[in-house]
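# Structural overview
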Amino acid sequence: MATSEAEEGRQTGPILGTPGDFPDRPERRGRFVVHVVIAILCAVCAGGWGYVMWASKGNTEVIDQVIAFDASRGDSIQITFEVVKPSDREALCRLRAMDVAHVEVGSREVSIPAGEGYVRLTERLETSAQATSGAVHYCYLV
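Reading guide: rules and limits
- Residues numbered from 1 in each chain as written.
- Predicted model: local features only at pLDDT ≥ 70, side-chain atom pairs only at ≥ 80, totals over all residues.
- Heavy atoms only, no water.
- Pairing = 2+ DSSP bridges.
- Helix = DSSP H or I, 4+ residues; strand = E, 2+ residues; numbered from the N terminus.
- Axes fitted to C-alpha atoms, helices over the stretch in contact; angles between N-to-C directions.
- Disulfide = S-S within 2.5 Å.
- Buried < 20%, exposed > 50% of the residue type's maximum accessible area, 1.4 Å probe, protein only.
- UniProt positions renumbered as here; feature names shortened; annotations may be inferred.
- Salt bridge = Lys/Arg side-chain N within 4 Å of Asp/Glu carboxyl O.

Looking at an unreviewed UniProt entry, one finds the protein named DUF4307 domain-containing protein, with Streptosporangium roseum as its source organism.

### Details of the sheet that holds strand β2 (residues 76–84)
Read across the sheet, three strands follow the order β1-β2-β5 without closing on themselves; strand pairing throughout is antiparallel. Whereas interior strands pair on both sides, the edge strands pair on one side only; in this sheet they are β1 (63–70) and β5 (118–126). For this sheet, the mean inter-axis angle between neighbouring strands, taken without regard to orientation, is 25 degrees. Sheet analysis places β2 next to β5, joined by nine bridges and oriented antiparallel. Within β5, the position partnered with S76 by the bridge is E126.

### Some details on the sheet that holds strand β6 (residues 133–141)
Within the open sheet, the three strands sit side by side as β4-β3-β6. Their pairing is antiparallel. Each end of this open sheet is capped by a strand with a single partner; those strands are β4 (104–112) and β6. For this sheet, the mean angle separating the axes of adjacent strands, direction not counted, is 20 degrees. Relative to β4, strand β3 (residues 91–98) is paired through eight bridges, and the arrangement is antiparallel. Paired with R96 across the two strands is S107, which belongs to β4.

### Overview of the state of the cysteines
Here a disulfide denotes one covalent bond, and it connects the sulfur atoms of two cysteines. For the structure on display, the rule yields one disulfide. Covalent S-S linkage joins C93 and C139, the inter-sulfur distance amounting to 1.9 Å. As the torsion about the S-S bond is roughly 115 degrees, the C93-C139 disulfide counts as right-handed. Taken together, the residues C93 in strand β3 and C139 in strand β6 connect sequence positions 46 residues apart. Residue classification places C139 among the buried positions, given a relative accessible area of 9%. In this structure C42 is not part of a disulfide, and its nearest cysteine sulfur, from C45, lies 6.6 Å away.

### Some thoughts on the UniProt feature "transmembrane region" (unreviewed entry) in the protein
On the UniProt side, "transmembrane region" (unreviewed entry) is annotated at positions that read residues 32–54 here. Taken end to end, residues 32–54 comprises 100% helix and 0% strand; its first and last C-alpha atoms sit 33 Å apart.

### Re unusual backbone geometry
The backbone phi angle of H102 is positive, close to 65 degrees, even though this residue is not glycine. Residue placement: H102 occurs in the loop between β3 and β4. Residue classification places H102 among the exposed positions, given a relative accessible area of 62%.

### Points about the pattern of salt bridges
Within this structure, the stated rule accounts for four salt bridges. Between R108 and E123 there is a salt bridge, with the nearest N and O atoms lying 2.8 Å from each other. Separated by 15 residues along the polypeptide, R108 in strand β4 and E123 in strand β5 bring together distant segments of the chain. For E123, a relative accessible area of 16% corresponds to the buried category.

### Some details on the side chain of S133
Tracing the chain through its elements places S133 in strand β6. The class for S133 is buried, based on a relative accessible area of 18%.

Take a look at the structure:
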């Protein structure tokens, strides 16, 4: 009866063989081309995403900034903000009041007439609940 080397305890090498037992890997061509195609695809995607982010910013000719807000009253909030825009154009800004959970509790659109490039305004918004912050949601030229 035939016995295997494992049964006799005489196994001297690895079961699957050594690296020298296998043939060399064939030379692969075209890897450079694949990497170039992937790099071009990534660059196109990054450029497209950059354009989307740039385009979604909107009209950057109007700059708005909240200076202060007073949310001490339970039914309204007073927001002081400034707007910088071209003096020959009218702007429309939307103010919003938010509560502690960042839920909008009041909003109002304010029209800023043409004539001045820098305008500082104080507006009072009526709110449906106690507001904790006020912000300029957006401003754009009309």
